[in-house]
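One letter stands for each residue in the lines below.
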Amino acid sequence: MRDKINIFFRICSLPFVSMAFSAAYIIYNGFLGICYKMIWNGAICAYSLLLFMVRSIIIYSMRKTYADNEQERKRCKRIALLTHIIMAMINVALILPIATMIKGGRPYNLGLIPAIAMAAYTTYRIVNYIIHSRPASDNGNLFAKELRTINLIDICVAILTLQNTMIIANDGEVAGAMKEVSIGSSTVVWFFVLALTVHSFMGIKKV
């Protein structure tokens, strides 16, 4: 029991902090999407909300998972199936914001300096993920593995958003060769996210 509690605090301490920022991000994009009818912001709000739901369910379930018996494993599998259904919805929800970015429908007029700051923060998230999300650190915990997958999906989307931001900040629009780059990278990232979801789902059978 003590090992599982330690796993929870080690893996979930960062998500607890980041979830507060995620909630603010959801409200911000939801406000822009509804009040100003910005498609990209509305789509990102839907994606972020689904991501927030999965993280909340996983973290809550990890707090309640201490026993090691057949009944507890069945309960964990049911919860994992639910969260993977939401993860499948996340894959679908990502199609609209990605398509909007490719078509140049994402508004960005803040200039290069905020884009550089976004790049620095994205880099920090990648480094932090590498340091704190080693496969050996989950000790076979189903929810810890799923949480690591969710964090990786979030980073992939952040990188894609950063790419689009840098293109618009430098060129003013997504066109020409940069549009081809955007289409290619967006396609690769989406299929990678889909593969992560499928791989995580297959892990349920091993529990």
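How each quantity is defined
- Residues numbered from 1 in each chain as written.
- Predicted model: local features only at pLDDT ≥ 70, side-chain atom pairs only at ≥ 80, totals over all residues.
- Heavy atoms only, no water.
- Axes fitted to C-alpha atoms, helices over the stretch in contact; angles between N-to-C directions.
- Helix = DSSP H or I, 4+ residues; strand = E, 2+ residues; numbered from the N terminus.
- Parallel < 35°, antiparallel > 145°, perpendicular 65-115°, else oblique.
- Contact = heavy atoms within 4.5 Å.
- Nonpolar A, V, L, I, M, F, W, Y, C, P; charged D, E, K, R; others polar.
- Phe/Tyr/Trp six-rings, centres within 6.5 Å; stacked < 30°, edge-to-face > 60°.
- Buried < 20%, exposed > 50% of the residue type's maximum accessible area, 1.4 Å probe, protein only.
- Lys NZ or Arg CZ within 6 Å of the ring centre and 35° of its normal.
- Core = buried A, V, L, I, M, F, W, Y, C linked by side-chain atoms within 4.5 Å.

A.B. asks: Explanation requested: the packing of helix α3 (residues 70-93) against helix α7 (residues 177-202) in the structure shown.
C.D. replies: Each pair of packed helices gets described by two things: the angle between the helix axes and the distance between those axes. Relative to each other, α3 and α7 sit at 170 degrees, their axes nearing to 10 Å. Relative to α7, the element α3 is oriented roughly antiparallel. For the pair formed by α3 and α7, the contact residues are L81, H84, M87, A88 and N91 on the first element and W190, V193, L194, T197, S200 and F201 on the second. Across the contact of α3 with α7, the residue classes break down as seven nonpolar, four polar and no charged.

A.B. asks: Can you walk me through the packing of aromatic side chains in this structure?
C.D. replies: Pairs of aromatic rings are described using the distance from one ring centre to the other and the angle between the two planes. Here the structure, examined in full by the defined rule, presents two aromatic pairs. Both rings, one in F31 and one in Y36, keep their centres 5.9 Å apart while their planes meet at 75 degrees; by these two values the pair is edge-to-face. A relative accessible area of 46% means that F31 is categorised as partly exposed. Taking the relative accessible area as the measure of exposure, Y36 reaches 52% and is therefore exposed. Ring plane angle 85 degrees and centroid distance 5.2 Å describe the contact between W190 and F191, whose orientation is recorded as edge-to-face. It is R106 that lies over the ring of W40; its NZ or CZ is 4.5 Å from the centre.

A.B. asks: Looking at this structure, how should I read the nonpolar core?
C.D. replies: Generally speaking, nonpolar side chains in soluble globular proteins are found buried as a group. Counting residues in each nonpolar core, the largest one holds 36 residues, and the members touching the most others are Y47, V54, I58, I90, L94 and I98. Elements with a contribution of two residues or more to this core: α2 (39-64), α3, α4 (95-102), α6 (142-171) and α7. At eleven residues, α6 tops the list of elements feeding residues into this core. Other than its neighbours up to four places away in sequence, I58 contacts T83, F143, E146, L147 and I150. Counting residues in hydrophobic clusters, the runner-up holds five residues, among them A115, I167, I168 and V174.

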